[in-house]
Amino acid sequence: MAAGNLWCMRSNFLFGSRCWMTRFSSETVFKSVRLFGVKYRNANNEPSENEELLNNLLTMGVDIGMARKRQPGVFSRKITNEQDLKMFLLSKGASKEVIASIISRYPRAITRTPESLSKRWDLWREIVTSDLEIVNILERSPESFFRSSNNLNLENNIKFLYSVGLTRKCLCRLLTSAPRTFSNSLDLNKQMVEFLQAVCLSLGHNDPTGFVRKIIFKNPFILIQSTKRVKANIEFLQSSFSLNSEELLGLICGPGAEILDLSNDCVRRNYTKVKEKLFSLGCIEEEVQKFVLSYPDVIFFAEKKFNDKIDCLIEENISISQIIENPRVLDSSLSTLKSRIKELVNAGYNFSTLNISLLSWSKKRYEAKLKKLSRS
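As the structure is a prediction and not an experimental result, all values here were calculated from the model.

Chemist: Which parts of the structure should I look at to understand the overall build of the protein?
Modeler: Across its full length, the protein holds 21 helices and two strands. In the protein, buried positions account for 41% of the 376 residues. Total accessible area computed for the protein in this model is approximately 20400 Å², and 51% of it derives from carbon and sulfur atoms.

Structure (structure tokens):
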């Protein structure tokens, strides 16, 4: 018997204390070893679903179709912890319906061990005030909790963000709005915070801690962006609007903070389209800049959406100067603008001489005003 065809194996775990010897091809050995892997395989060496897991999830009320679309690989795992997950979440106050919804939308949750879940929950409780509040967050966004199992990284990020002056309220906002912040490596978060602190000092402000806190509270997504992107947008704002240090500081700490995490190409493109539209209506550069600086949200508008709203207002004899003075009217949807304009005109409201800001008022406030106009 050739030496290359002999395999001598000893395994107390699989075969007791006996030694055995037989002839195997490398393919046979490979298939045998795969039998003890983490996924089921069919005769064609393709992943097959774990029937016991499927039955468990069906019994729990999980939407199998939804779960398959989101994370199909979970169903071929040999070892899962769906029952442990269920018991853990029930102990925290989650209902069976909520648990089923969580697994349906983020099936990978069933791969987390009870020890990992418990540790992660305790870390979240350093930020969130109650178990029920965490359950509510998981119901809205299960990925925020189950996306990562690296609890040490989470712990280090929490400690770091507290150390740079972020409050519990601010961290809670990050956790609910931009949970990927806590999945970032600690070094990435440090890079962004140090970059923002350097920006603050370069603009002559002597409170980098307060500066970082304001920006993150205004824009919780900034920590999951690159410093290169944020730097490019800050430079664009400064150069495009000829802002001095104090003006730039006020903009990026306030209404312009949300622009910082956009693609720089998107910012430039949208600003150019806004300029083109306003120029076509007779505006000059100063008016365009005033409009955008007072209403930075316009940078988020798609070209058609912006043009349609402007055209709707212009068609009703509302001047572009009125829109520039009251840019918040663009907060309302196109259909709301049309219906309110029609109602107000029927009530005798003269847009050419009266304030147009009521077009963006809350529904309650607007209806009270309309009722008063209809009586007069």
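Chemist: Explain the nonpolar core here, please?
Modeler: Soluble globular proteins tend to bury their nonpolar side chains together. Ranked by size, the top nonpolar core spans 105 residues in total, and within it Phe211, Phe291 and Leu359 carry the most contacts. The element contributing the most residues to this core is helix α12 (residues 186-202), with six residues. Both domains that furnish three or more residues to this core are identified here as domain 1 (51-149) and domain 2 (264-374). Not counting residues up to four positions away in its chain, the partners in contact with Leu359 are Leu313, Ile318, Val329, Ser332, Leu337, Arg340, Ile341, Leu344 and Phe351.

Chemist: Even after reading the chapter, I still don't get empty space enclosed by the protein, so can you show me in this structure?
Modeler: Evaluated as defined, the whole model comprises one cavity of 30 Å³ or more. Space inside the largest cavity adds up to approximately 30 Å³. Put simply, the parts of the chain that give the lining of the largest cavity at least two residues each are α7 (114-124) and α9 (143-146). By residue number, the principal contributor to the lining of the largest cavity is α7, which donates three residues. A class-by-class count of the residues in the lining of the largest cavity yields three nonpolar, three polar and two charged.

Chemist: Teacher, can you tell me more about the environment of Gln238 here?
Modeler: Tracing the backbone through its elements, the reader meets Gln238 in helix α14 (residues 227-240). For the pair formed by Gln238 and Leu251, sequence separation is 13 residues and the distance between their alpha carbons is 9.7 Å. Ignoring anything within four residues of it in the chain, the contact list for Gln238 reads Leu243 and Leu248.

Chemist: Help me understand the pattern of salt bridges, please; the structure alone is not making it clear to me.
Modeler: Working definition: two side chains of opposite charge can pair if their charged atoms are close together. Inspection of the entire model under this criterion finds 13 salt bridges. Here Arg147 ties to Glu143 by a salt bridge, and the two come within 3.3 Å at their closest N and O atoms. For Arg147, a relative accessible area of 36% gives the class partly exposed. Residues joined in a network through salt bridges with shared partners are Lys119, Glu155 and Lys159.

Chemist: Honestly, the packing of aromatic side chains in this entry has me stumped. Any pointers?
Modeler: Pairs of aromatic rings are described using the distance from one ring centre to the other and the angle between the two planes. As enumerated under the stated definition, the model contains 10 aromatic pairs in all. Ring centres 5.5 Å apart and planes at 80 degrees place the aromatic pair Phe88 and Trp121 in the edge-to-face group. Linking Phe88 in helix α5 (residues 82-91) with Trp121 in helix α7, this pair joins segments that are 33 residues apart in sequence. Summarising the burial analysis for this pair, Phe88 and Trp121 share the class buried. Note on Phe236 and Tyr271: the rings are 5.8 Å apart at their centroids and 80 degrees apart in plane angle, and the pair reads as edge-to-face. Placement of Phe236 in helix α14 and of Tyr271 in helix α16 (residues 264-280) is noted, with a sequence separation of 35 residues between them. Among the aromatic residues, those joined into a cluster by ring pairs are Phe88, Trp121, Trp124, Phe145 and Phe146. Lying across the ring of Trp361, Arg365 places its NZ or CZ 3.7 Å from the centre.

Chemist: Before we go on, may I ask you to explain the packing of α16 against helix α18 (residues 303-315) in this structure?
Modeler: How two helices pack is summed up by the angle between their axes together with the distance between the axes. Relative to each other, α16 and α18 sit at 25 degrees, their axes nearing to 10 Å. Taken as axis vectors, α16 and α18 run roughly parallel relative to one another. Read as a crossing pair, α16 and α18 show a hand that is right-handed. Residues Lys273, Val274, Lys277 and Leu278 of α16 lie in contact with α18, whose contacting residues are Glu303, Phe306, Asn307, Ile310 and Asp311. Looking at side-chain class alone, the contact of α16 with α18 contains four nonpolar, one polar and four charged residues.

Chemist: Even after reading the chapter, I still don't get the confidence of the model for the protein, so can you show me in this structure?
Modeler: Should pLDDT be low for a region, the predicted coordinates there are not to be read in detail. For the protein, the average pLDDT comes to 87, and 88% of its residues sit at 70 or higher. Confidence over residues 1-37 falls short of pLDDT 50; this stretch has 28 contacts with residues more than four positions distant or in other chains.

Chemist: Teacher, can you tell me more about the environment of Phe211 here?
Modeler: Looking at where Phe211 falls in the secondary structure, it is placed in helix α13 (residues 208-218). Owing to a relative accessible area of 1%, Phe211 belongs among the buried residues under this scheme. What Phe211 contacts, discounting residues up to four positions off in sequence, is Leu196, Val199, Cys200, His205, Leu249, Ile252 and Cys253.

Chemist: Mind showing me how you'd approach helix α17 (residues 285-294) here?
Modeler: One turn of the α-helix equals 3.6 residues, which is why residues spaced by three or four share an orientation. Residues of α17 that are buried include every one of Val288, Gln289, Phe291 and Val292, and no others. The arc enclosing the buried residues of α17, seen along the axis, measures out at 160 degrees, which places them on a common side. Elements in contact with the buried residues of α17: α14, α16, α18 and α19 (320-325).

Chemist: Could you clarify how one ought to interpret the side chain of Arg340 in this entry?
Modeler: Along the chain, Arg340 falls in helix α20 (residues 334-346). Setting aside its immediate chain neighbours within four residues, Arg340 contacts Leu358, Leu359, Ser360, Trp361, Ser362, Lys363 and Tyr366.

Chemist: What exactly am I supposed to notice about the side chain of Ser144 here?
Modeler: Looking at the element boundaries, Ser144 is found in helix α9. The class for Ser144 is buried, based on a relative accessible area of 7%. Apart from the residues lying within four places of it in its own chain, the contact partners of Ser144 are Trp124, Ile137, Leu175 and Pro179.

Cut-offs used in this document
Per chain, residue numbering runs from 1 following the sequence as it is written. A pLDDT threshold of at least 70 governs which residues receive local features in this predicted model, and a stricter bar of 80 or more applies before side-chain atom pairs are shown or counted, although totals over entire chains, interfaces and linings include all residues. The basis for every side-chain value is the complete set of non-hydrogen atoms in the structure, without hydrogens or water. Put simply, DSSP H or I for four residues or longer makes a helix, DSSP E for two residues or longer makes a strand, and each gets a number counted from the N terminus. We call a residue buried when its accessible area falls under 20% of the maximum for its residue type, exposed when it is over 50%, and partly exposed in between, using a 1.4 Å probe and counting protein chains only. Here the accessible surface of atoms and residues is derived via Shrake-Rupley with a 1.4 Å probe, and residues count as covered only by protein chains that are part of the display. Throughout, nonpolar core names a set of buried Ala, Val, Leu, Ile, Met, Phe, Trp, Tyr and Cys residues whose side chains join them through atoms within 4.5 Å. In this document the domain limits rely on a domain assignment from an automatic tool or a database. We call two residues in contact when some of their heavy atoms are within 4.5 Å. Throughout, the protein atoms alone are placed on a 1 Å grid, and a set of points is a cavity if a 1.4 Å probe fits but cannot get out or a pocket if it is open with protein on both sides within 12 Å along at least five of seven lines; lining residues have an atom within 4 Å of a point. Grid points are joined across faces, edges and corners, and a volume is the space filled by probe spheres set on the points. Polar here means any residue outside two lists: the nonpolar Ala, Val, Leu, Ile, Met, Phe, Trp, Tyr, Cys and Pro, and the charged Asp, Glu, Lys and Arg; Gly therefore counts as polar. Salt bridges are identified by distance alone: a Lys or Arg side-chain nitrogen within 4 Å of an Asp or Glu carboxyl oxygen. Each Phe, Tyr or Trp ring, with Trp reduced to its six-membered ring, pairs with another whose centre is within 6.5 Å; inter-plane angles below 30 degrees give stacked pairs, above 60 give edge-to-face pairs, and intermediate values give tilted ones. A positively charged side chain is recorded as over a ring if its NZ (Lys) or CZ (Arg) lies within 6 Å of the ring centre. The angle to the ring normal must also be within 35 degrees. Throughout, an axis means a line fitted to C-alpha atoms (over the contacting stretch in the case of helices), and angles, computed between N-to-C directions, take values from 0 to 180 degrees. Here is the rule for angles: anything less than 35 degrees is roughly parallel, anything more than 145 is roughly antiparallel, 65 through 115 is roughly perpendicular, and the remaining ranges are oblique. For any pair of crossing helices, the crossing counts as left-handed if the nearer helix is rotated counterclockwise from the farther one by less than a right angle, and right-handed if it is rotated clockwise. As a per-residue measure, pLDDT reflects the predictor's confidence and takes values from 0 up to 100. What the arc describes is the spread of directions from the helix axis to the C-beta atoms.

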